[in-house]
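Structural characterization, general
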Amino acid sequence: MGVEEEEGAINGGEEGPGLAAAPHDRWVLLRPAQGSARPSARYKHAAEVVQDKLYVVGGSRNGRSLSDVQQQFWQVFDFRTSKWSALLLSPSRDSNQLNLENNAGNQPFPALASHSMVKWRNMLLVVAGNSRASTSNKVSVWFIDLETNSWSAVDTYGKVPMARGGQSVTLVGSRLIMFGGEDNKRRLLSDLHVLDLETMIWEEVKTEKGGPAPRYDHSAAVYAEHYLLIFGGSSHSTCFNDLYLLDLQSLEWSQPDTQGAHITPRSGHAGMMIDENWYIVGGGDNASGSTDTIVMNASKFVWSVVTTVSVRDRLACEGLTLCSTTVDGEKFLIAFGGYNGKYNNEIFVMKPKPRNFVQPRLFQSPAAAAAAASVKAAYAVITATDEKTKDIVATDDLDVKRAEPGSSSKQMVAEIDALNGEKGELESRLAEVRTENSKLKDKLDMVKLSYNELTKELRSVENQLAAEGSRCQKLESQIAAAHKRLESASSLENELEALQQQISQAEQTMTTSQRRKSGGVWKWVGGSAEVSDNE
């Protein structure tokens, strides 16, 4: 059932029961109180619930990052009154709290999209994101003091990561864990960085091999303050549905074997961990929006579908946010914004049904899982041996008068020997499995190493081909210029020959003329003499 059906909506504030009326495991539209103006529709924003208030920051609409009319206002929804309001922010003047940069003037909070936001102490921390106004190539961090309604940029130290958007940011104690994203040149990232909020020092964390491929617009969560979960995301052309787990103590990546429902690839989704259940809503696969709201039990790696909506539903979208809040002891999921062909500015709520999962499964790699299976089988045989021994002993106690002396003991010893043989065989198989896993791991490492080398060689060849292509283009330009010069030279030669012919003809004409003139003079001179004699 889709939340687009208006009869499924609930009223808030004085006009209705608000969140209390939300059914279990079904999204419903939360209507604001009358006279409450909604913020502009958007996606790729950030949102967080603090003390019954939903704070919405930035986002994108029609390719433009939003700073809410480019002024120092944040959009805030109060669940107690069901009303939207604008929070006026001012640059902080207190430089004693954290390591604040100077914020001269009354400049507005920067317009951001694809950023992250978490609550820490009495503040909201905004991390990374895309901003046209920023000229820095490093990740920026801002804090918002909800008591003073002020904001400031935070001066961080250490190995500050490169600027990015579409990353995931999770909070573990007083440390922010940032994974992946896409840098300003649209290069995909798979690096892991930690920011200590006590010292504001960044540290790049080097993990063991086998982590997620570079990606952005994925989701992340922390379970039991010990494990980082990464799900889905995109590599521009491909969307993922893989699940990775990072042990924050050993810094080893693994891909747990999941059970339950089949989960389709998606990116641009939103996730929220409630107790040990990780809820994920929205997203898409470059073709259509994801219509199912899914949940994974983080202790057993079991996926299940909570509810579904129609293909054209406003929740089957990308770039939405997912938060949680508690009202009268009950927890609620809060979804806001997103884009599915249209930009959205509605609030949807869902009351998750309590889910009880017993006997949590250990976090382990696939090789360890295989070994554990063999150990479990061996343990089952040993347990069966113990139970059978007890049964034999009990039977001997009941029928001791009818049993022949020593016969039951001999039979029991024989069975124990047989079971010990089976145990030894299982232990041998377990050792073989471990050896095989070690060999497979070595082969996998070799394949990955070969793949990395081939990738480097391919990039080198591609660079050489690009250089040769550029060189060929330059040679073709030079050849074309030479052809033009040759054509000009040929034309000049023709003109030179014509001029030479004209000069030759002119010289011949001048010679003939001179001869004629010379004969005429002598003739004149001779004629004059005759005239003189006649006289």
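Quick note: structure is the one above.
Residues numbered from 1 in each chain as written. Predicted model: local features only at pLDDT ≥ 70, side-chain atom pairs only at ≥ 80, totals over all residues. Heavy atoms only, no water.

Enumeration over the complete set of coordinates arrives at 14 salt bridges. Note that Asp183 is salt-bridged to Arg187, the shortest N-O span being 2.7 Å. Take Asp183: its relative accessible area is 6%, and that puts it in the buried class. For Arg187, a relative accessible area of 47% corresponds to the partly exposed category. With a closest N to O distance of 3.2 Å, Asp275 and Lys331 form a salt bridge. Of this pair, Asp275 sits in the loop between strand S25 (267-274) and strand S26 (277-284) while Lys331 sits in strand S30 (residues 330-336), and the two are 56 residues apart along the sequence. Assessed through its relative accessible area of 60%, Asp275 is described here as exposed. A residue is classified by how much of its surface remains accessible, and Lys331, at 36% relative accessible area, is partly exposed. (Salt bridge = Lys/Arg side-chain N within 4 Å of Asp/Glu carboxyl O. Buried < 20%, exposed > 50% of the residue type's maximum accessible area, 1.4 Å probe, protein only. Helix = DSSP H or I, 4+ residues; strand = E, 2+ residues; numbered from the N terminus.)

Let us now look at the pairing of strand S27 (residues 292-297). Counted residue by residue, S27 has six buried out of six residues, so it is predominantly covered. As paired elements, S26 and S27 share four bridges and run antiparallel to each other. For Asn277, the partnering residue across the bridge sits in S27 and is Asn297. The pairing of S27 with strand S28 (residues 302-308) spans six bridges and is classified as antiparallel. Within the sheet, the bridge partner assigned to Asp292 lies in S28 and is Thr308. (Pairing = 2+ DSSP bridges.)

Right, let's get into the side chain of Ser235. Relative to the helices and strands, Ser235 resides in the loop between strand S21 (227-234) and strand S22 (239-247). Leaving out residues up to four positions away in the same chain, Ser235 has contacts with Leu188, Pro214 and Phe240. (Contact = heavy atoms within 4.5 Å.)

Here we come to the environment of Val56. Inspection of the secondary structure puts Val56 in strand S4 (residues 53-57). Residue class for Val56 comes out buried when judged on its relative accessible area of 0%. Sequence spacing of Val56 and Phe336 is 280 residues, and the spatial spacing of their C-alpha atoms is 8.8 Å. If near-sequence neighbours (up to four positions away) are discounted, Val56 is found in contact with Arg42, His45, Ala46, Ala47, Trp74, Gln75, Trp84 and Phe336.

Below, the discussion takes up the side chain of His193. Among the structural elements, His193 can be located in strand S18 (residues 188-196). A distance of 2.8 Å separates polar atoms of two side chains, one belonging to His193 and the other to Asp191. When residues no more than four places from it in sequence are discounted, the contact partners of His193 are Lys159, Pro161, Arg164, Leu176, Ile177, Met178, Trp202, Glu203 and Glu204. (Polar contact = N/O pair within 3.5 Å; in protein donor to acceptor, adjacent residues only side chain to side chain.)

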